Amino acid sequence: MEQELEAAIGARIRSLRLEKGLTLEDLATSSGVSRAMISRIERAEASPTASLLARVCAALGLSLSTFFAEDESAASPLARRHEQQVWRDPETGYIRRAVSPPGTTSDVDIVDVEFPPGARVSFPPHAASHGMTQHIWVFEGEMEMTAGDKIHRLFPGDCLFMPVGEGHVFHNPSSKPARYCVVLSRSSR
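The sections below set out a description of the structure shown in this document. Note that the structure is predicted; figures quoted are calculated from it, not measured. (Residues numbered from 1 in each chain as written. Predicted model: local features only at pLDDT ≥ 70, side-chain atom pairs only at ≥ 80, totals over all residues. Heavy atoms only, no water.)

Some points on helix 4 (residues 50-59)
- Among the ten residues of helix 4, nine are classified as buried, and the element is accordingly described as predominantly covered.
- Gly-61, located one to two residues past helix 4, shows a positive phi value of around 80 degrees. (Buried < 20%, exposed > 50% of the residue type's maximum accessible area, 1.4 Å probe, protein only. Helix = DSSP H or I, 4+ residues; strand = E, 2+ residues; numbered from the N terminus.)

In structure tokens:
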């Protein structure tokens with residue numbers, strides 16, 4: 001199952017890259033990910049981390065949720081839980097479930113995340129993500145969010161709004177898993 005997902009991720013990146021008329025070098029330059037790594041991912045020889053995949057998606061003009069959405073010509077306004085795309089970050093083990101119905105015209109993506117104890121994921125500043133914003137809403141456990149030089153400690157019920165493109169760090173400082181929702185907006189007011 002995991003190998004099938006890696007192959008699907010690689011095929012989707014290649015398809016989107018070619019659809020946009022980008023070479024491997026073009027995508028590498030705009031994403032900050034090496035040409036060799038993108039090539040290995042496209043051939044399903046490497047599994048991308050969350051941070052790396054987010055940079056590639058941003059360079060392709062997509063959020064992670066949009067990337068994982070199925071290509072469907074007829075979108076449904078309903079996404080049943082058992083149909084929602086689930087992905088596990090190979091580096092940290094965090095699990096993201098794309099809650100938003102795929103293929104809609106909404107600029108908002110909703111993602112449910114289970115974040116392991118002690119895990120940390122860094123998303124460096126990236127120009128392709130500028131204009132995107134996100135709300136981080138904690139349901140269980142605690143999270144430490146770093147945005148720029150400011151650190152926010154979040155507990156159940158807390159919600160933090162922040163820009164995506166300026167870089168940020170997700171960290172679970174506790175010994176228990178955390179669960180939170182990311183509400184990402186691609187609209188540029």
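A short note on the packing of aromatic side chains
- Applying the stated criterion to the full structure yields six aromatic pairs.
- Seen in terms of ring centroids, Trp-137 and Phe-139 are 4.9 Å apart; in terms of plane orientation they differ by 65 degrees. Their pairing is edge-to-face.
- On the basis of relative accessibility, which here comes to 41%, the residue Trp-137 falls in the partly exposed class.
- Pairing Phe-170 with Tyr-180 gives two aromatic rings, centres 5.7 Å apart and planes at 15 degrees, and the pair type is stacked. Of the two residues, Phe-170 sits in strand 9 (residues 168-171) while Tyr-180 sits in strand 10 (residues 178-185), which places them ten residues apart along the sequence. Across this residue pair, the class does not change: Phe-170 and Tyr-180 are buried.
- Ring pairs connect the aromatic residues Trp-87, Tyr-94, Phe-115, Phe-123, Phe-170 and Tyr-180, which therefore count as one cluster. (Phe/Tyr/Trp six-rings, centres within 6.5 Å; stacked < 30°, edge-to-face > 60°.)

Here we look at the sheet that holds strand 7 (residues 150-154)
- Reading across the sheet, the four strands line up as 4-9-6-7 and stay open at both edges, with antiparallel pairing between neighbours. Lying at the two open borders of the sheet, with one neighbouring strand each, are strand 4 (120-123) and strand 7. For this sheet the average axis-to-axis angle between neighbouring strands, irrespective of direction, equals 15 degrees.
- Sheet topology note: the strand 6 (residues 143-147)/strand 9 ladder contains four bridges and is antiparallel. Bridge pairing in strand 9 places Ala-147 opposite His-168. (Pairing = 2+ DSSP bridges. Axes fitted to C-alpha atoms, helices over the stretch in contact; angles between N-to-C directions.)

Thoughts on the packing of helix 2 (residues 24-31) against helix 4
- As a packed pair, helix 2 and helix 4 sit with axes 8 Å apart at the nearest point and diverge in direction by 110 degrees. Between helix 2 and helix 4, the interaxial angle falls into the category roughly perpendicular. Regarding helix 2 and helix 4, the two cross each other, and that crossing is right-handed. For the pair helix 2 and helix 4, the contacting residues are Leu-27, Ser-30 and Ser-31 in the first and Arg-55, Val-56 and Ala-59 in the second.
- In terms of residue class, the contact of helix 2 with helix 4 is made up of three nonpolar, two polar and one charged. (Parallel < 35°, antiparallel > 145°, perpendicular 65-115°, else oblique. Left-handed = near helix turned anticlockwise from the far one by under 90°. Contact = heavy atoms within 4.5 Å. Nonpolar A, V, L, I, M, F, W, Y, C, P; charged D, E, K, R; others polar.)

Examining empty space enclosed by the protein
- With the rule as written, the count across this model stands at one cavity of 30 Å³ or more.
- In this model, the largest cavity occupies a volume close to 380 Å³.
- Residue lining of the largest cavity: 27 residues in total, with Ala-54, Leu-64, Phe-123, Gln-134 and Leu-184 positioned closest to the centre.
- Sorting the residues of the lining of the largest cavity by element identifies helix 4, helix 5 (64-68), strand 3 (108-115), strand 4, strand 9 and strand 10 as the ones contributing at least two each.
- Take the lining of the largest cavity: its biggest share by element is five residues, from helix 4.
- Grouping the amino acids of the lining of the largest cavity by side-chain chemistry returns 18 nonpolar, seven polar and two charged. (1 Å grid on protein atoms, 1.4 Å probe; cavity = no way out; pocket = protein on both sides within 12 Å on 5 of 7 lines; lining within 4 Å. Points joined across faces, edges and corners; volume = space filled by probe spheres on them.)

With respect to the sheet that holds strand 2 (residues 95-98)
- Spatial ordering of the open sheet is given by 1-2-3-10-5-8, a layout of six strands whose pairing is antiparallel. Among the strands making up the open sheet, the edge pair consists of strand 1 (86-88) and strand 8 (159-163). Put simply, the sheet's adjacent strands are angled 20 degrees from each other on average, direction ignored.

Some remarks on the pairing of strand 9
- Burial along strand 9 is two-sided: the face carrying His-168 and Phe-170 and the face carrying Val-169 and His-171 are both buried.
- With four bridges connecting them, strand 4 and strand 9 associate as antiparallel partners. Within the sheet, the bridge partner assigned to Ser-122 lies in strand 9 and is Val-169.

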